[in-house]
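Understanding the architecture of this molecule
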Amino acid sequence: MKFLWFLSLLLFTFSLYAGESRDEISLQLSWLNQFQSAGFYIAMHNGYYQEENLDVTIKELSHNTNIVDDVLSQKSTYGIGKSSLIIDKNNQKDIAVLLALFQSTPSVLITTNPKIKTLKDLGGKHVMITPDEASSAAIMAMLMSQGIFSNNITLQQHTFHIQDLIEQKTDAMACYISNEPFTLNAQHIPYTLFNPKDYGFDFYGDILFTSQNEIQSHPQRVKRFYNASKKGWEWAFSHIEESAKILYENYNTQHKSLEALIFEGEALKKLAFKEGIPFGTIEKQKFATIANIYRLSGLLKNDYSLEHFIDPLNLSKESVYIGVLANNGEDKAYQTWKESIEYLSEVLPRYHFIIEPLHFEKLIQNIKEKRIDFIITNPAIYIQLEHDYGISRIATLNNYYKNKHHRLYGSVILSRANDTSITNYASLRNKTLGAVNPSSLGGYILGIKTLKDNAVAINNFKKIIFLGTHNAVIQALLEGKIDVGIVRTGTLEKLIENKDLNRSTINIIGAKKYDNFLLEVSSELYPEWPLAKLKHTTETLSNAVLSALIKPHPDTNRTNHIDWNTPSDYSHITTILREMDIYPYKEKTFTLKELFSHYALAITLFCSFIIILIITLIHIKNLNKRLLQHTLEIENFNSTLEKEVEDRTHQLIMLNSKLNELANTDDLTKIDNRRHFIELATTYFYASKRNKTDLFILSLDIDFFKDVNDTYGHAIGDEVLKLFCKTTKEILRESDLFGRIGGEEFSICLQNTTLEGALTLAEKIRAKIEHTSYTKSAQEHIFVTVSIGLASLKPHDTDVYQIMERADQALYKSKGNGRNQVQVM
């Protein structure tokens, strides 16, 4: 017996131990241990992987390791790759990318040859680049953009020894901006860097990836590894010196100095973070641009695909839940709104939008528990939720039928065509009525109002049955379970279109006709369903959603033609709810007993207040004489107080104006910042699309501005930037938009002009800048020039970013052709 007890205890202990065992996974690095892999080691060192129940083995790169093949064969669970993973994916390698460690690649071209000042100086020189075409594509594309092709230079086998560059065994070498410059700085050796990003080839750096098999078989494990790794990287970049020390003491297989690791960490942090983009984000549009460069280089086929490649589990995206009233069932609601939700996820790539079909009774629960961020519902429920929970509408639905949009809808009152007992409103008395739900505006409330207007009251019906969905009402009517039905407009037409209903079997009671409204209807028309945001939903997200929804949809062949417009006026719905005595305007009647029962405390307080008021009035009367003699003092005091209030109000107005200026203005140059410029330019864009007028974008970049900062310091560089903006603004019209996009990059948006006028303005700016100098001293003047790219609105453009992208391409052309010029795309 004791033996059995001991055996049971042993098995129980073993089961506990087995239950706590961690998932064993491995990560294959793309290089040896250094700060380049710090985030993963920090996640291990700080216990982030352990918290996620993971046992992670991190493997350094070894000779002849093929990282992609190792991940696919499950020799490694995860790997670190580069932007060239898109080539592997389209070569039938079943992989997916999860996290971009660096928004820009650390890979640059470096030279210590003092005669090499520009890329064109590399003609006829020796250059060390890795033989892997995909890995070196950004550097080769940069060279080719400057007219340097492989037959213009001597490509050497890369030795990965910086000493070869120092000893001039080669003229230039591909390296990491976070490594080799430290060695040269330590030896006081001057060098020049050529960064592909500066020439428009902005590739991602190291990218965490895995196999589709891992994603499909262990999605939760992928999520846990992603979260812990991201947490490790964010900690590493927030504590660079401490992280470098951890690497130095525990994982320093290359025997790097602590200073070298710190230098590397600071350099990589600049590449990992980009303004307005969360750490690790992989954007589909940027990858498409990278893929296009590979395609032009012949490394990628024209029919490449990004499907299921970028973050298929939406790990990097913020989930946004949109609750939808499922008035025709959850499946129908999902089918109806699926395209709209996918469209939002496409145009707002930092968010993952999810449909939550909800029945009437679940709406309140989800709002209370903040399970949803937006809600699409009928106007009556919206009015009630606005009253109870402070939701606010941001858009109104446009329904599409027979090539026409309808912003209004109503109710249809139906009977069976073969029911000869029903011929008019009066014949509906003592019949059985079927409707959707007491809260359904089109499926009940508007129909009941129409019946009431035609002298048919609710109590005139023999029975009222609520069936839950509009289709269920039609089905019950056809099966003879009800005599009369109420559904919303559009229900009949959808059923007929899907061949689920024969129109000849249905009779419309009190059919009405309205101009430009093609659907069958019995009631008056009211605004369509609103899209509303909940109180906890941020204005930033709401504005982004609204902006995306009201833009013209790029896919004209989509199945569901659902569009949105600015919010309608729902005051008519409020009037109906009042008239129909429906919550929140339902009037309550009380008996005297109920009145005291419900409001005992309020009545007690009110009576106490009256007593106190009477005593106070008596006291005031006694004080009145004494108060009269202080009238003059009070008047003087009021005058002073009014003055102080006026001054304070003025100060608040000035403060509000200053805050608005800070939110929209670049702090240094006092012109529009990037966000405000794009916001205003987007307004111009839609106005030009609507009015079919010309619109132009100028991309401006100060030539060799880095030299100004390096030679004179950032303080002088800032003064040059301010002078540049002041000079440019003097040339622009009042209606022209001028914004700082970043660093020495600027944009101008022009409307109400021609291409010739835009070119003239651009050339005028270029010439003015060329002949304007910043006076550092009486003997020293600093001159700069500017390269300008010009692009115009095209009929196929869907947003202002496409014009800006073409303007940037024209700008790169200006720089490639020698700078200080204007080019047009």
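For the structure given in this document, a descriptive report is provided here. Model, not experiment: these values are computed from the prediction.

**Regarding helix α26 (residues 714–731)**
Residue pairs three or four apart in sequence face the same way in an α-helix, which turns once every 3.6 residues. Compared with an ideal rise of 1.5 Å per residue, which puts 18 residues at 26 Å, α26 spans 26 Å between its outermost C-alpha atoms and is within 8% of the ideal. Looking only at α26, the buried set comprises Ile-716, Gly-717, Val-720, Leu-721, Phe-724, Cys-725, Thr-727, Thr-728 and Ile-731.

**Focus on the sheet that holds strand β20 (residues 484–488)**
Judged by pairing direction, the sheet is mixed, and its five strands sit side by side in the order β19-β18-β20-β17-β21 without closing on themselves. Each having just a single partner strand, β19 (463–466) and β21 (506–509) make up the two edges of the open sheet. The sheet shows a mean angle of 30 degrees between the axes of neighbouring strands, direction not considered. Two elements, strand β17 (residues 411–416) and β20, share five bridges in a ladder whose sense is antiparallel. When the bridges of β20 are listed, Ser-411 appears paired with Arg-488. Contacts from helix α17 (residues 441–453) reach β17, β18 (432–435), β19 and β20 within the one sheet, and its direction differs from that of β20 by about 120 degrees. Taken strand by strand, helix α18 (residues 470–478) contacts β17, β18, β20 and β21, and its axis lies near 155 degrees from that of β20.

**Brief notes about the side chain of Thr-489**
One can find Thr-489 in the loop between β20 and α19 (491–497). Setting aside its immediate chain neighbours within four residues, Thr-489 contacts Tyr-409, Gly-410, Ser-411, Val-412, Phe-517, Leu-519, Glu-520 and Val-521.

**Section: a nonpolar patch on the surface**
Together, Phe-606, Phe-609, Ile-610, Leu-613, Ile-614, Leu-617, Ile-618 and Ile-620 line one region of the surface with nonpolar side chains, adding up to about 760 Å² of accessible area. With a relative accessible area of 48%, Ile-614 lands in the partly exposed category.

**Regarding the environment of Ile-293**
Structurally, Ile-293 is set in helix α13 (residues 284–296). The sequence separation of Ile-293 and Phe-201 amounts to 92 residues, and the corresponding C-alpha distance is 8.4 Å. Residue contacts for Ile-293: discarding those within four places in its chain leaves Ala-141, Phe-201 and Phe-203.

**A short note on the pairing of strand β30 (residues 773–777)**
As paired strands, β30 and strand β31 (residues 780–783) are joined by four bridges and run antiparallel to one another. Bridge pairing links Ser-773 to Phe-783 in β31.

Calculation rules
- Residues numbered from 1 in each chain as written.
- Predicted model: local features only at pLDDT ≥ 70, side-chain atom pairs only at ≥ 80, totals over all residues.
- Heavy atoms only, no water.
- Helix = DSSP H or I, 4+ residues; strand = E, 2+ residues; numbered from the N terminus.
- Expected span 1.5 Å × (residues − 1).
- Buried < 20%, exposed > 50% of the residue type's maximum accessible area, 1.4 Å probe, protein only.
- Pairing = 2+ DSSP bridges.
- Axes fitted to C-alpha atoms, helices over the stretch in contact; angles between N-to-C directions.
- Contact = heavy atoms within 4.5 Å.
- Patch = residues over 30% accessible without salt bridge, like charges linked within 9 Å, V, L, I, M, F, W, Y side chains within 5 Å.
- Areas by Shrake-Rupley, 256 points an atom, 1.4 Å probe, with all protein chains shown as cover.
- Salt bridge = Lys/Arg side-chain N within 4 Å of Asp/Glu carboxyl O.

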